[in-house]
Each structure stands twice: as C-alpha cells, then as structure tokens.
Amino acid sequence: MSGLLAGKRLLVTGVITDASIAFSVAKLAQENGAQVVLTGYGRLSLVERIAKRLPEAAPVIELDVTNPEHLAGLADKVREHVDGLDGVVHSIGFAPQSCLGGGFLDAPWEDVATAVQVSTYSYKSLAMAALPLMSAGGAVVGLTFDATKAWPVYDWMGVAKAGLESASRYLALHLGKQGIRSNLVAAGPLRTIAAKSIPGFDQFEDAWTERAPLGWSLTDQEPAARACLALLSDWFPATTGEIVHVDGGYHAIGA
C-alpha cells in the first residue's frame, strides 16, 4: 500500500452526495492508501449507495451527533470494521431556515440552539466519541467557512462556524497532551447540498469567482479535500489549532 495516507484508518462524516467535500475526502483518502469508514444520518440507504461510488465501497455507520446513544456506541461500531482510527473528518453542519437568509434578528433561540449543537458542539462530541480509538499522531479535521467576517445571508450559521473555529482551538489545547491534532479547512463557496439550502448564497459565488486572486471553481471539491488529506497525514506533525484557507486567496484581500 502506498500514498500519503498509507495504512491510515479514517472516519469520515458528512457524505451526502458525490458532490460533497466529504465524498472527495473519502475518495482521495482511499486512493492514497487509507481505509475509510463513513457515517450517515437519516437516509442511510442514500449514503450507502453513494459509498459504492468510491474506489472501494466503504462501510456506513449510522450517527446522529445529537444522540448520546449513537455517540456512546460509535467506537464499538467502528471496531467492527477497523481496529482503531488515525483520523476523523468532521463535515457536519445544519441550521434551520429561520437562522439563514437574513433572519438573524428574528431567529428564535430554539433554532439557534439547534444550529450550534449540530454545527459547533458536535465537533467536540465526535472527537470524544472517537477518542478511545485514537492514539498519538492522530488528527481531527473539520470544515469551516471563514468566520472572521459577518457574511450576508449566512447569519447564525456564521456564528456557529465562529464557535467551531474556537472549539477546534480548545480541542487542540486539551487533546495535545495525547498527541492528537485538531485543525480546520476553510473552503471557499462550493455548490454543495448545504450551500443550496442557504437563500442568497449566490452572492458568495459571484464575489469569489470575480475576486479570488487564484480564481475559484464553485464545483471543484478536490482542493479542499486535498488540504484535509494533508492535515490528516504525517506531514503536519507539529500543526494544531490551525485554520488552512482553501479559497483561491479571497480571505487575504480587501473586500
């Protein structure tokens, strides 16, 4: 077995369609020597069907990150397929419609709480559920959307992503003593299922394609996936609490 992730065992969440970043991560990971286990929520049959489109069909475990029983049983379910984990990919996010599209001032706490639990707190929950399977040298990698700015229509999901970025730093602090890294990839806008659910998301698309110094493809998930693979590999052994921008350089220029 050869490749950047030769011999690595990975748990990848968030595969919904073959247009998702998580699918590209799983595909490239397998092509680079990793064993991959997927998680799915809701329509498991759909995730299982997508999993068969990978170079090697990957097992799918049901996981609702808001369900304590699912989290408590995750390690045992993963052990049915691999004997441990070297990396975990968090590609999970959700916000009720009231929290997006300009409804920032009107969204009720119940909906905001859902967005924060699923999109932010789950990063810690997933890491802790997988921790019994991990050892020194392991890595947790999550996906964010630059939360240093207030974006039109992103609203409470932007707040949740800011929390995710902070949670990653705290996870880096608390898991560092065990030799486990926590990093995020901040991808530019991509036409995924998640993006399509945000009213007015085309505002991001127009800005990025026009202003990103390196240019930006709205349909190419591979650059973000490659960054995830790099952070999961052994090539960043002393990097943790970091956010790697994969956005064509848009974050570095003035608005």
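Since the structure is predicted, the reported quantities are computational estimates derived from the model, not experimental observations. (Residues numbered from 1 in each chain as written. Predicted model: local features only at pLDDT ≥ 70, side-chain atom pairs only at ≥ 80, totals over all residues. Heavy atoms only, no water.)

Trainee: Looking at this structure, I do not really get the overall build of the chain. What am I missing?
Mentor: On a plain count of helices and strands, the chain comes out with 8 helices and 7 strands. What you see for the chain is a C-alpha radius of gyration of 17 Å, in line with the 18 Å of a compact globule of 255 residues. Dimensions of the chain, computed from the C-alpha atoms along their principal axes, are close to 45 × 40 × 40 Å. The burial tally for the chain puts 52% of its 255 residues in the buried class. Sequence-distant contacts, at least 24 apart, represent 75% of the contacts inside the chain between residues at least 6 apart. (Helix = DSSP H or I, 4+ residues; strand = E, 2+ residues; numbered from the N terminus. Rg over C-alpha atoms; globule rule 2.2 N^0.38 Å. Buried < 20%, exposed > 50% of the residue type's maximum accessible area, 1.4 Å probe, protein only. Contact = heavy atoms within 4.5 Å.)

Trainee: Could you clarify how one ought to interpret the sheet that holds strand β5 (residues 139–144) in this entry?
Mentor: Strand order in the open sheet formed by 7 strands is β3-β2-β1-β4-β5-β6-β7, and the pairing between neighbours is parallel. Two strands close off the open sheet at either side, each with one partner strand: β3 (60–62) and β7 (243–246). Ignoring strand direction, the axes of neighbouring strands in this sheet form an average angle of 20°. Helix α3 (residues 68–79) rests against β1 (9–12) and β3 of the sheet, and its axis sits at about 155° to β3. Sitting on the sheet, helix α8 (residues 222–232) touches β1, β4 (87–90), β5, β6 (181–187) and β7, and the angle it makes with β6 is about 170°. (Pairing = 2+ DSSP bridges. Axes fitted to C-alpha atoms, helices over the stretch in contact; angles between N-to-C directions.)

Trainee: Where do I start with the packing of aromatic side chains in this structure?
Mentor: Note on aromatic pairs: each is described by the distance of the centres and the angle between the planes. The tally for this structure, following the rule as stated, stands at 7 aromatic pairs. A ring pair is formed by Phe104 and Trp156, whose centres lie 4.4 Å apart and whose planes are at 10°; its orientation type is stacked. Of this pair, Phe104 sits in the loop between β4 and α4 (109–130) while Trp156 sits in helix α5 (residues 155–175); the two residues are 52 residues apart in sequence, bridging distant segments of the chain. By way of ring pairs, the aromatic residues Phe145, Trp151, Tyr154, Trp208 and Tyr250 are connected into one cluster. (Phe/Tyr/Trp six-rings, centres within 6.5 Å; stacked < 30°, edge-to-face > 60°.)

Trainee: Explanation requested: the UniProt feature "binding site: NAD(+)" (unreviewed entry) in the chain in the structure shown.
Mentor: In this structure's numbering, the residues bearing the UniProt feature "binding site: NAD(+)" (unreviewed entry) are Gly14, Ser20, Ile21, Asp64, Val65, Ile92 and Lys161. Summarising the element assignment, Ser20 is placed in the loop between β1 and α1 (21–31). Note on Ser20: relative accessible area 9%, which makes it buried. Here Lys161 shows up in helix α5. Not counting chain neighbours up to four residues away, the residues in contact with Lys161 comprise Leu143, Thr144, Phe145, Ala147 and Tyr154. (UniProt positions renumbered as here; feature names shortened; annotations may be inferred.)

Trainee: Sorry, what's going on with the environment of Tyr123 here?
Mentor: Along the chain, the position of Tyr123 falls in helix α4. Taking the C-alpha atoms as reference points, Tyr123 and Gly14, separated by 109 residues in sequence, lie 12 Å from one another. Filtering out sequence-adjacent residues up to four positions away, Tyr123 remains in contact with His90, Val140, Val141, Gly142, Leu164, Ser168, Leu171, Ser182, Asn183 and Leu184.

Trainee: Looking at this structure, I do not really get the side chain of Ser182. What am I missing?
Mentor: With respect to the helices, strands and loops of the structure, Ser182 is situated in strand β6. When its relative accessible area of 1% is taken as the criterion, Ser182 is described as buried. Ser182 has contacts with Tyr123, Val140, Ser168, Leu171, Ala172, Thr240, Gly241 and Glu242, leaving out every residue within four places of it along the chain.

Trainee: Sorry, what's going on with the pattern of salt bridges here?
Mentor: Proximity of charged atoms lets side chains of opposite charge pair with each other. Evaluation of the coordinates by the stated rule reveals 8 salt bridges. Measuring nitrogen to oxygen at the nearest pair gives 2.7 Å for the salt bridge that ties Asp234 to Lys8. One end of the pair, Asp234, is in the loop between α8 and β7; the other, Lys8, is in the segment before β1, and 226 residues separate them in sequence. Of the charged contacts in the structure, one is a salt bridge between Arg9 and Asp83, with a shortest N-O distance of 2.6 Å. With Arg9 in strand β1 and Asp83 in the loop between α3 and β4, this residue pair connects regions lying 74 residues apart in the sequence. The class of Asp83 is exposed, set by a relative accessible area of 66%. Residues participating in the shared-partner salt-bridge network are Arg9, Asp83 and Asp86. (Salt bridge = Lys/Arg side-chain N within 4 Å of Asp/Glu carboxyl O.)

Trainee: What should I look at first to understand the UniProt feature "binding site: substrate" (unreviewed entry) in the chain in this one?
Mentor: Per the UniProt entry, the sites bearing "binding site: substrate" (unreviewed entry) are Ala95 in this numbering. Along the chain, the position of Ala95 falls in the loop between β4 and α4. Aside from chain neighbours lying at most four places away, what touches Ala95 is Leu100, Ala115 and Met157.

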